[in-house]
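Reading the structure
So the chains spell out like this:
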Amino acid sequence: MKAALLRIYLSENDKYKDKAAHHAVLEFLMDEGVAGATVHHCMEGYGVHNKIHTVSVLRLGTDLPVIIQAVDKEEKIRGVIPELKKMLPTELITLQEIEIVSGERFRDDI
């Protein structure tokens, strides 16, 4: 079955309405009925500002990278993108076509 993989690249200190942005996005995706989403807390990375964020014993505040991945049918994913762009106007959001080959939620469509 054809589907879509949405990725959102954030930092762990990003906020949306006084909440951690990754948690606010996860709640939004769940409320919208998106089939599944996962937050990945990363060890190291850099973005548009060319500053490496990394885990270090010597640093107390690290602001590490966070990636949110969500999977569902393409029309469902495309339907949530406008609101995500309002929530995270400057963050990198990508969309990729994928094929689901197994999964409880998609059993009837495979």
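In what follows, the structure referred to is the one given above.
Overview of the structure. Computed from a prediction, not measured in an experiment: that's the story for all the values here. (Residues numbered from 1 in each chain as written. Predicted model: local features only at pLDDT ≥ 70, side-chain atom pairs only at ≥ 80, totals over all residues. Heavy atoms only, no water.)

**Brief notes about the overall build of the chain**
Within the chain one finds two helices and eight strands. Of the regular secondary structure in the chain, the N- to C-terminal order runs β-β-β-α-β-β-β-β-α-β. Considering only C-alpha atoms, the chain reaches an extent of 50 × 25 × 20 Å along its principal axes. Counting every position in the chain, which comprises 110 residues, the buried fraction comes to 31%. In the chain, of all internal contacts separated by at least 6 residues, the share reaching a separation of at least 24 is 72%. Accessible surface computed for the chain: about 7400 Å², of which carbon and sulfur atoms make up 52%. (Helix = DSSP H or I, 4+ residues; strand = E, 2+ residues; numbered from the N terminus. Buried < 20%, exposed > 50% of the residue type's maximum accessible area, 1.4 Å probe, protein only. Contact = heavy atoms within 4.5 Å. Areas by Shrake-Rupley, 256 points an atom, 1.4 Å probe, with all protein chains shown as cover.)

**Topic: the sheet that holds strand S4 (residues 36–41)**
Read across the open sheet, the four strands follow the order S4-S7-S1-S8; overall the sheet is antiparallel. On the outer flanks of this sheet lie S4 and strand S8 (92–99), each paired with one strand and no other. Averaged over all adjacent pairs, the angle separating strand axes in this sheet is 20°, with direction ignored. Lying over the sheet, helix H2 (residues 74–87) contacts strand S1 (2–11), strand S7 (65–72) and S8, oriented at roughly 25° with respect to S1. (Pairing = 2+ DSSP bridges. Axes fitted to C-alpha atoms, helices over the stretch in contact; angles between N-to-C directions.)

**Some thoughts on H2**
Counted at 1.5 Å a residue, the expected span for H2 with its 14 residues is 20 Å, and the 20 Å between its end C-alpha atoms agrees. Its maximal kink placed at Ile81, H2 deviates by approximately 35°, while the proline Pro82 follows within four residues. When H2 is considered as a whole, its buried residues turn out to be Ile77, Val80, Ile81, Leu84 and Met87. (Expected span 1.5 Å × (residues − 1). Bend = angle between axes of the 7 residues up to and from the residue.)

**With respect to unusual backbone geometry**
The backbone of Lys17 sits at a positive phi, close to 50°, despite the residue not being glycine. With respect to the helices, strands and loops of the structure, Lys17 is situated in the loop between strand S2 (15–16) and strand S3 (19–20). Look at Lys17 and you get exposed, because its relative accessible area is 68%. Positive phi outside glycine occurs at Asp18, with the angle close to 65°. With respect to the secondary-structure elements, Asp18 resides in the loop between S2 and S3. On the accessibility criterion, Asp18 (80% relative accessible area) is exposed.

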